[in-house]
Amino acid sequence: PVLVIVLVGLCGAGKSSTANRLAGRVEAREARRSAGAVTRQCGVACGDALIVLDTPGFGDAGAAAGATASAIRRACEEVETAITDTGRDAKFATLYVCSCAGRLGEAEIDAMAAVGFALGRAWRNQAILTWTHADLLEAATLAQFLEGLDDT
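Asker: How would you explain the overall build of the protein if you had to name every residue and give the values?
Answerer: From N to C terminus, the protein includes four helices and five strands. The 152 residues of the protein split such that 35% are buried. Within the protein, counting contacts between residues at least 6 apart in sequence, those at least 24 apart form 66% of the total.

Now the structure itself:
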């Protein structure tokens, strides 16, 4: 089967940089700091047995969460069709990308709910949470960064 990793998260979380790393290319997808969204549509980085689906971020003032979720759902369907048309099976996994540049808050919770709309409620069954911008933690560890986060 072909593994399809769907990268989701808020705008500016580091999804495109993560896509580049996973695909083994440093600059395949445009990845830069910006006041606005950089990734406006879904894009893929491919290998023989791996497809990384980079998606627009939730929380973009220029796009409603429903529109972003619909674009992600359509892109997943198109990728699955393209793979199955070759006679291969597609296995999907979700990589939820969070940034250490800010705190987890309502925007992240809302984005996770929107991911459920895009990928179905079972998306968490095959999901991994990853952190980007760890360099911003300076001397703190990820565990220290997460201290005080409640279980809600």
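Read on for the rest.
Asker: Just give me the short version of helix α2 (residues 65-84), but keep the residues and values in it.
Answerer: For α2, built from 20 residues, the straight-helix expectation of 28 Å at 1.5 Å per residue is met to within 8% by its first-to-last C-alpha distance of 29 Å. Those residues of α2 that sit buried are T68, A69, S70, I72, A75, C76, V79 and I83.

Asker: Outline the pairing of strand β1 (residues 2-9), listing residues and values.
Answerer: Of all eight residues in β1, seven are buried; the element is thus mostly enclosed. Here eight bridges tie β1 to strand β4 (residues 90-99), and the two strands are oriented parallel to one another. Bridge assignment links G9 to a residue of β4, and that residue is V97. As paired elements, β1 and strand β3 (residues 50-54) share five bridges and run parallel to each other. Bridge pairing in β3 places L3 opposite L50.

Asker: Lay out the side chain of S99 with the relevant residues and their values.
Answerer: Along the polypeptide, S99 turns up in strand β4. The class of S99 is buried, set by a relative accessible area of 13%. Of note is the side chain of S99, whose polar atom sits 2.9 Å from the backbone nitrogen of A101. A polar contact of 2.8 Å, which involves the side chain of S99, links it to the side chain of H133. Excluding residues within four positions of it along the chain, S99 makes contact with G12, A13, W131, T132, H133 and F145.

Asker: If you had to explain the pairing of β4 to someone new, which residues and values would you point to?
Answerer: Pairing of β4 with strand β5 (residues 127-132), which is carried by six bridges, proceeds in the parallel orientation. Of the residues in β5, the one forming a bridge with S99 is T132. In this view, the connection linking β4 to its parallel neighbour β5 by way of helix α3 (residues 106-119) has right-handed handedness.

Asker: For the environment of L10, give the residues involved together with the corresponding values.
Answerer: One can find L10 in the loop between β1 and α1 (15-23). Looking at L10, the relative accessible area reads 17%, which means it is buried. The sequence separation of L10 and M112 amounts to 102 residues, and the corresponding C-alpha distance is 9.3 Å. Not counting chain neighbours up to four residues away, the residues in contact with L10 comprise K15, G57, F58, G59, Y96, V97, A107, E108 and A111.

What counts and what doesn't
- Residues numbered from 1 in each chain as written.
- Predicted model: local features only at pLDDT ≥ 70, side-chain atom pairs only at ≥ 80, totals over all residues.
- Heavy atoms only, no water.
- Helix = DSSP H or I, 4+ residues; strand = E, 2+ residues; numbered from the N terminus.
- Buried < 20%, exposed > 50% of the residue type's maximum accessible area, 1.4 Å probe, protein only.
- Contact = heavy atoms within 4.5 Å.
- Expected span 1.5 Å × (residues − 1).
- Pairing = 2+ DSSP bridges.
- Polar contact = N/O pair within 3.5 Å; in protein donor to acceptor, adjacent residues only side chain to side chain.
- Right-handed = clockwise from strand over helix to strand, strands pointing away.

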